Amino acid sequence: MKYVLVTGGVVSGLGKGVTASSIGVLMKACGLRVTSIKIDPYLNMDAGTMSPFEHGEVFVLDDGGEADLDLGNYERFLDITLTKDNNITTGKMYSYVIERERRGDYLGKTVQVVPHITDAIQDWIQRVAHLPVDGKAGVPDVCVIELGGTIGDIESMPFIEALRQFQFRVGPGNLCNVHVSLVPVIGVVGEQKTKPTQHSVQVLRSLGLNPNLLACRCANPLEASVRDKLALFTQVEPHCVLTMHDVSNIWRVPGLMESQGAHHTICKVLGLSGSDKLDLSLWKANIADRWDSLTEPIKIALIGKYTGLSDAYLSVVKSLQHACMEARLKLVLSWVESNDLEESTATSQPEAYAASWAKLKEADGILVPGGFGGRGVEGKILAANYARTNKKPYLGICLGMQIAVIEFARNVLGMREANSTEFAAATPSPVVVFMPEISTTHKGGTMRLGSRKTVLQTVSCTSAKLYQSEMYIYERHRHRYEVNPDVVQQIEDAGMQFVGRDETGERMEILELVDNPSDHPYYVAAQYHPEYKSRPGKPSPLFLGFVLASGNRLGGYLRSRAIPKSPAKGPPPS
């Protein structure tokens, strides 16, 4: 097993995740099988209980793991399926060691960070690195490990020490360290400054790790003199100082690294063959170049409550991008804070209210993603109503599906006080209710999570044609509330059909507005999160349908896919 360790210095948010994913793309293009591990030094067991404002979106895996958003980058870039064990946190490691201590595994010993925590980290990495994630049997060739945070952070010290020891455990020629750092430009002179990276590498080396490559983040390509200076003061070869300047899209990063011979250097350090046969032509043509070549615009309004941080909806945005590449449409994304659509904002902030409604009305399609809590819900309900009554393509995800049900119940069924018990526990018309099997005392890891089967109720629905399935599909879930089964028949009688349900038939999974379907181009919502399985070149079917409808292209596409094909009769995804 060969390991590539990606560390970061100076500041966080430099793009370690994209760098690690791009290294994986290079290794995969060399004919190697790749897996990934993300280390997050926070004390949380996982990312599931954190606000999106704290750490971006929570990425859900097939096995129900709630993980850091970088695992989404790995899955999308490498087309692999990871597990919860591919995300290591301080909380997991301490919990694991303390549980062993209570069981008596360390009987007679004083349990300490070194060696017990550090040994547990190394054991975990080795165990997980040997698990296949690409659907094939056998052990992967390369494991890319990303250490979150910044070198020198106190919370990451146990992991740094574990990785220092790990390089000796695996032996020479089996671990390559790529250090991502910042080369800023200070003042109007425009001079690229090397001192932050020098100090970052100095700290890294003082902790026992020596970088084999430097990935220098900068606005513009590194000057030759700057590259030589960095090589001199950080003790790496000049050709191992990579310029990671801003590019037109993140899918160009693998090509940027390839052009500087990063794959040759990594393979040389690790003693791997295959770097001479690397071929990124399909990646460039089908992904990186295609995205930049799109010209026909399509405007999508994303109605959310965390719009101040785009990473809160990272997978949703990526899914829209994947769908737009497939549909040959250029994405123009309008962020709409759902609060600003509410009547109360009309008096308190009339300018924000007018601007938000203008964005909504100008959009070609309206998307309401998932979320928790009551803030901004009424604005989302207004957006769903506008989409339904004005024949704007609508895609609702998780909460977005529940919002569509609440809006329909209020304005079509006449249940003026229809609501979810999440937002109004005493509502007389609870059309969305808390799922009975969910814990009411613990939040972490207690939702309905991971890959679940959705049984399609009819082959004539839009969803079946998009998925090309006549029986069932598997998608990832993350929710505590569901459509109240007691109101399903009443809703369906009024023209909104639940075309996808769980295996019991009691839990609603997909809804479509099918009463006079020719009157509405696309009104679809899902309880699951289709964005988590979207990939470049393999967009989520519901997102693709939404984008095509927003671009007035769905009709022709569906006519070419009129007869769904049965899915493979096999076990569910692992």
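These numbers come from a predicted model, not from an experiment. (Residues numbered from 1 in each chain as written. Predicted model: local features only at pLDDT ≥ 70, side-chain atom pairs only at ≥ 80, totals over all residues. Heavy atoms only, no water.)

Okay, the sheet that holds strand β17 (residues 429–434) next. What the 3 strands build is an open sheet, ordered β16-β17-β20; its pairing is mixed. What marks the edges here is a single partner per strand, and that holds for β16 (418–420) and β20 (481–483). Each strand of the sheet is rotated relative to its neighbour by a mean of 30 degrees, with strand direction disregarded. Strand direction decides the pairing type here: β17 and β20, joined by 3 bridges, are antiparallel. Directly across from Phe434, in β20, lies its bridge partner Tyr481. Helix-sheet contacts for helix α16 (residues 399–411) involve β16, β17 and β20, and the interaxial angle to β16 is about 160 degrees. (Pairing = 2+ DSSP bridges. Helix = DSSP H or I, 4+ residues; strand = E, 2+ residues; numbered from the N terminus. Axes fitted to C-alpha atoms, helices over the stretch in contact; angles between N-to-C directions. Contact = heavy atoms within 4.5 Å.)

Attention now goes to the packing of helix α1 (residues 16–29) against helix α3 (residues 70–78). Across the interface, α1 lies against α3 with an axial gap of 9 Å and an inter-helix angle of 25 degrees. One way to sum up the angle between α1 and α3 is to call them roughly parallel. Of the two elements, α1 crosses α3, and the hand of that crossing is right-handed. Counting all contacts with α1, which are made through Gly17, Val18, Ala20, Ser21, Ser22, Gly24, Val25 and Lys28, the residues of α3 involved are Asp70, Asn73, Tyr74, Phe77 and Leu78. (Parallel < 35°, antiparallel > 145°, perpendicular 65-115°, else oblique. Left-handed = near helix turned anticlockwise from the far one by under 90°.)

In spatial order, the strands read β5-β2-β6-β1-β7-β10-β11; together these 7 strands make up an open sheet with parallel pairing. In this open sheet, the two edge strands, each paired with only one partner strand, are β5 (87–89) and β11 (241–245). Between one strand and the next, the sheet's axes are offset by a mean angle of 20 degrees, whatever the strand orientation. Where strand β1 (residues 2–8) lies against strand β7 (residues 175–182), 6 bridges are found, and the strand directions are parallel. Looking at β7, one finds that Val4 is bridged to Cys176. Each of β10 (213–218) and β11 is contacted by helix α8 (residues 224–234), which is oriented at about 130 degrees to β11, the strand it contacts most. Along the sheet face, helix α10 (residues 262–270) touches β1, β7, β10 and β11 and points at about 140 degrees away from the line of β7.

What follows deals with the domain arrangement of the protein. When the domains of the protein are assigned, the result is domain 1 (2–288) and domain 2 (294–434 + 481–561). Between domain 1 and domain 2, the C-alpha centre-to-centre distance is 36 Å. Taken together, the contact between domain 1 and domain 2 spans 18 residues of the former and 20 residues of the latter. If you sort the residues of domain 1 by the area they bury against domain 2, Phe53, Arg76 and Trp251 come out on top, with a joint share of 38%. At the surface where domain 1 touches domain 2, the tally comes to 3 salt bridges. In this structure, the salt-bridge partner of Arg535 is Glu75, at a minimum N-O distance of 3.1 Å. Applying the counting criterion to the domain 1 and domain 2 interface returns 7 residue pairs in polar contact (both at pLDDT 80 or more). Counting only elements with at least two residues in the side of domain 1 that touches domain 2, the list comes to α2 (52–55), β3 (59–60), α3 and α11 (281–293). With 3 residues, the single largest contributor to the side of domain 1 that touches domain 2 is α3. (Domains from an automatic or database assignment. Buried area = accessible area lost by both parts, 1.4 Å probe. Salt bridge = Lys/Arg side-chain N within 4 Å of Asp/Glu carboxyl O. Polar contact = N/O pair within 3.5 Å; in protein donor to acceptor, adjacent residues only side chain to side chain.)

Turning our attention to the UniProt feature "domain: CTP synthase N-terminal" (unreviewed entry) in the protein. Mapped onto this structure's residue numbering, the UniProt feature "domain: CTP synthase N-terminal" (unreviewed entry) falls at residues 2–272. Helix makes up 41% of residues 2–272 and strand 18%, with an end-to-end C-alpha separation of 9 Å. (UniProt positions renumbered as here; feature names shortened; annotations may be inferred.)

Following the sequence through the fold, Asp105 ends up in the loop between α4 (90–103) and α5 (113–129). Here Arg103 takes part through its side chain, which lies 2.5 Å from a polar atom of the side chain of Asp105.

Tracing the backbone shows Ala526 in strand β23 (residues 523–526). Sequence separation between Ala526 and Leu399 is 127 residues, and the spatial gap between their C-alpha atoms is 8.8 Å. Ignoring sequence-local partners within four residues, the contact set of Ala526 consists of Gly396, Ile397, Cys398, Met401, Glu509, Ile510 and Leu542.

Soluble globular proteins: nonpolar side chains tend toward being buried together. Counting 100 residues, the largest nonpolar core has Ile23, Met27, Leu367 and Leu542 as the members making the most contacts within it. Residues from two domains meet in this core; each of domain 1 (2–288) and domain 2 (294–434 + 481–561) gives at least three. Setting aside residues up to four positions removed in sequence, Ile23 forms contacts with Val4, Val6, Val144, Val178, Met257 and Ile266. (Core = buried A, V, L, I, M, F, W, Y, C linked by side-chain atoms within 4.5 Å. Buried < 20%, exposed > 50% of the residue type's maximum accessible area, 1.4 Å probe, protein only.)

Once that is clear, we can look at helix α7 (residues 195–206). Since the α-helix packs 3.6 residues into each turn, any two residues three or four apart lie on the same face. An ideal rise of 1.5 Å per residue puts 16 Å on 12 residues; α7 measures up with 16 Å between its terminal C-alpha atoms. Looking at α7, one finds that the buried residues are Thr197, Gln198, Ser200, Val201 and Leu204. Viewed end-on, α7 has its buried residues packed into an arc of 165 degrees, placing them on one side of the element. Positive phi shows up at Gly208, right after α7, with a value of about 100 degrees. (Expected span 1.5 Å × (residues − 1). Arc of directions from axis to C-beta.)

In terms of burial, β11 is largely enclosed, as 5 of its 5 residues are buried. Residues Val241, Thr243 and His245 point to one face of β11 and Leu242 and Met244 to the other, with burial holding for every one of them. Between β10 and its parallel partner β11, the chain crosses via α8, and the hand of that crossover is right-handed. (Right-handed = clockwise from strand over helix to strand, strands pointing away.)

Another aspect to go through is the pattern of salt bridges. By the definition in use, this model includes 32 salt bridges. Note that Asp40 and Lys38 form a salt bridge whose closest N and O atoms lie 3.0 Å from each other. Neither residue differs from the other here; Asp40 and Lys38 are each classed as buried. With a shortest N-O distance of 3.1 Å, Arg476 and Glu75 are connected by a salt bridge. Of this pair, Arg476 sits in strand β19 (residues 472–479) while Glu75 is found in helix α3, placing the two residues 401 residues apart along the sequence. When sorted by exposure, Arg476 lands in the same class as Glu75, which is buried. Here the residues in one salt-bridge network are Asp62, Glu75, Asp79, Arg476, Arg535 and Lys538, joined through shared partners.

Turning our eyes to something else, we now look at α3. In terms of residue burial, α3 counts as a mostly covered element, since 9 of its 9 residues are buried. Listed as buried for α3 are Asp70, Leu71, Gly72, Asn73, Tyr74, Glu75, Arg76, Phe77 and Leu78. Backbone geometry just after α3 places Asp79 at a positive phi near 55 degrees.

On a regular strand, each side chain points to the face opposite its neighbour's, so the side chains alternate between the two faces of the sheet. On β23, burial covers both faces: Tyr523 and Ala525 on one face and Val524 and Ala526 on the other are all buried. In this sheet, β23 lies alongside strand β22 (residues 508–513) in antiparallel orientation, the contact comprising 3 bridges. Paired with Glu512 across the strands is Val524, a residue of β23.

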